[in-house]
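Structural characterization, general
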Amino acid sequence: ETFDVMVVGSCMTDMVSQAPRLPKAGETIHGLKFFTGFGGKGNQCVQAARLGAKTTMVCKVGKDIFGDNYIQNFKDNGVHTDFVGQTSDAATGAASIIVNNAGENAIVIVAGANMLLNRADLQEALPAITRSKVMVCQLEIHPQISLQALRMAQKNNGYNMRFARLACARLDADFYTTSDVFCCNESEAEMLTGSAVTSVEEAGEAAAELLRRGCKSVVVTLGPQGCVVLQARGSAPKHVPTAAPVTAVDTTGAGDCFIGALAFYMAHYPTMALEEMAHRANQVAGVSVQAAGTQTSFPFRADLPAALF
Ligand code: RIB
Ligand code: NA
């Protein structure tokens with residue numbers, strides 16, 4: 001079977017508390033609302049699926065109610081689940097999320113079953129890896145497994161576009177050379193380069209540094225300021241601003257929404273300029289920040305302007 005987008009990554013049950021502000025260390029504050037949702041990097045797969053991509057997820061959940069529910073969630077979203085494993089050795093991953101009045105968040109993830117995704121699981125998915133147009137990897141599973149997935153895609157699929165959204169102070173150098181598009185947000189870019197990324201200009205400088213480490217293209221996302229795109233074949237970093245300012249209710253998962261959309265565009269419009277894909281993905285992510293939750297706020301193709309397709 002052939003897939004447009006394969007995501008190798010985490011599944012988390014999001015446990016979200018909305019509060020006026022984020023608590024300080026040692027402090028207890030009253031929240032306004034609590035809800036649970038489906039999160040983790042399955043977010044990216046679900047967003048790509050909602051735009052019309054044929055998607056498959058490679059991941060591991062626990063043999064528990066959270067895992068069962070997440071698998072059902074994938075099915076409800078049309079995501080292929082043959083490579084979704086269930087283990088009784090660990091619980092389904094969980095994310096405790098606090099969202100403040102400005103729509104900003106603080107998150108603690110307990111990866112649980114996600115850390116048990118292993119090489120044998122990847123091997124089982126190899127035929128699909130070989131025939132996926134885009135593979136997306138991140139770091140909420142064991143980093144070596146993420147890297148192995150990227151290597152398998154590189155070795156077995158010459159035309160495959162791989163891209164990674166990764167945050168980690170010391171990243172194995174092979175992550176750069178195995179990624180066609182390397183995507184990070186401003187704080188991840190800071191962590192990776194060791195230099196401040198607080199402006200479009202600094203994002204461009206960070207992108208140049210990441211490009212030197214071996215990826216073919218870099219996207220640094222900047223929240224309400226859109227993103228900066230830099231390609232090895234291009235010249236200067238290009239700022240891709242968001243179309244119109246929006247009122248943020250909950251920005252949790254906006255980065256995943258952006259990447260899921262980017263993956264969809266890469267698979268469906270392989271000749272489209274990366275800046276144009278990023279411009280469109282910005283607009284999809286802009287919709288998601290205007291509603292609460294992660295996947296609950298991710299738009300379907302039918303909700304979006306026809307000009308995006
Ligand atoms: O990017 C947002 C996501 O990060 C949340 O859904 C949470 O589960 C964590 O994986
Ligand atoms: Na949202």
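What you see is a predicted model, and the numbers here were worked out from it, not measured in a lab. (Residues numbered from 1 in each chain as written. Chains lettered and ligands numbered in written order. Predicted model: local features only at pLDDT ≥ 70, side-chain atom pairs only at ≥ 80, totals over all residues. Heavy atoms only, no water.)

Secondary structure summary: the protein contains nine helices and 13 strands in total. The C-alpha atoms of the protein give a radius of gyration of 18 Å, which matches the 19 Å a tight globule of 309 residues would have. On the principal axes, the C-alpha backbone points of the protein span a range of 50 × 45 × 40 Å. When each of the 309 residues of the protein is scored for burial, the buried share is 53%. Relative to all contacts within the protein whose residues are 6 or more apart in sequence, the contacts with residues 24 or more apart total 68%. A total of about 13000 Å² of accessible surface is found on the protein, and carbon and sulfur atoms cover 54% of it. (Helix = DSSP H or I, 4+ residues; strand = E, 2+ residues; numbered from the N terminus. Rg over C-alpha atoms; globule rule 2.2 N^0.38 Å. Buried < 20%, exposed > 50% of the residue type's maximum accessible area, 1.4 Å probe, protein only. Contact = heavy atoms within 4.5 Å. Areas by Shrake-Rupley, 256 points an atom, 1.4 Å probe, with all protein chains shown as cover.)

All right, on to the packing of helix α3 (residues 119-130) against helix α4 (residues 143-156) then. Taken N-terminus to C-terminus, the directions of α3 and α4 make an angle of 30 degrees; their axes are 10 Å apart at the nearest point. For the element pair α3 / α4, the angle class is roughly parallel. Pair α3 / α4 crosses with right-handed handedness. Residues Arg119, Leu122, Gln123, Leu126, Ile129 and Thr130 of α3 touch α4, and the partners they reach there are Gln144, Ile145, Gln148, Ala149, Met152, Ala153 and Asn156. For the contact of α3 with α4, the residue count by class is seven nonpolar, five polar and one charged. (Axes fitted to C-alpha atoms, helices over the stretch in contact; angles between N-to-C directions. Parallel < 35°, antiparallel > 145°, perpendicular 65-115°, else oblique. Left-handed = near helix turned anticlockwise from the far one by under 90°. Nonpolar A, V, L, I, M, F, W, Y, C, P; charged D, E, K, R; others polar.)

Only Asp250 (O), Ser288 (O), Ala291 (O), Gly293 (O) and Ser297 (OG) from the protein coordinate the sodium ion (ligand 2), and they sit 2.5 to 2.7 Å from it. Along the chain, the residues donating to the sodium ion (ligand 2) are arranged with the sequence spacing D-x37-S-x2-A-x1-G-x3-S. (Donors = N, O, S within 2.8 Å, 3.2 Å for Na, K, Ca; no water.)

Before going further, it helps to spend a moment on the pairing of strand β10 (residues 181-185). For β10, the buried fraction is high: five of the five residues fall into the buried class. Alternating positions in β10 separate into two faces, Val181, Cys183 and Asn185 on one and Phe182 and Cys184 on the other, with burial throughout. In this structure, β10 lies alongside strand β11 (residues 217-221), joined through five bridges in parallel fashion. Residue Asn185 lies in a different strand from β11, and its bridge partner there is Thr221. (Pairing = 2+ DSSP bridges.)

With that settled, consider the site of ligand 1. Taken together, Met12, Asp14, Gly39, Gly40, Lys41, Asn43, Ala95, Glu140, Gly253, Asp256 and Thr294 make up the full set of residues adjacent to ligand 1. Here Gly40 contributes a backbone N or O atom positioned 2.8 Å from an oxygen atom of ligand 1. Contact distances for ligand 1 include 2.7 Å between an oxygen atom and a side-chain N or O atom of Asp256. Starting from 280 Å² of accessible surface for ligand 1 in isolation, the protein chains cover 92%. Its residues placed into classes, the shell around ligand 1 shows two nonpolar, five polar and four charged. (Near = heavy atom within 4 Å. Polar contact = N/O pair within 3.5 Å; in protein donor to acceptor, adjacent residues only side chain to side chain.)

Right, let's get into the pairing of strand β1 (residues 3-8). Within β1, six of the six residues are buried, which leaves the element mostly enclosed by the surrounding structure. Looking at chain direction, β1 and strand β8 (residues 132-138) are connected through five bridges and run parallel. For Phe3, the partnering residue across the bridge sits in β8 and is Ser132. Judged from the four bridges that link them, β1 and strand β4 (residues 55-62) form a sheet pairing that is parallel. Bridge pairing in β4 places Val7 opposite Met57.

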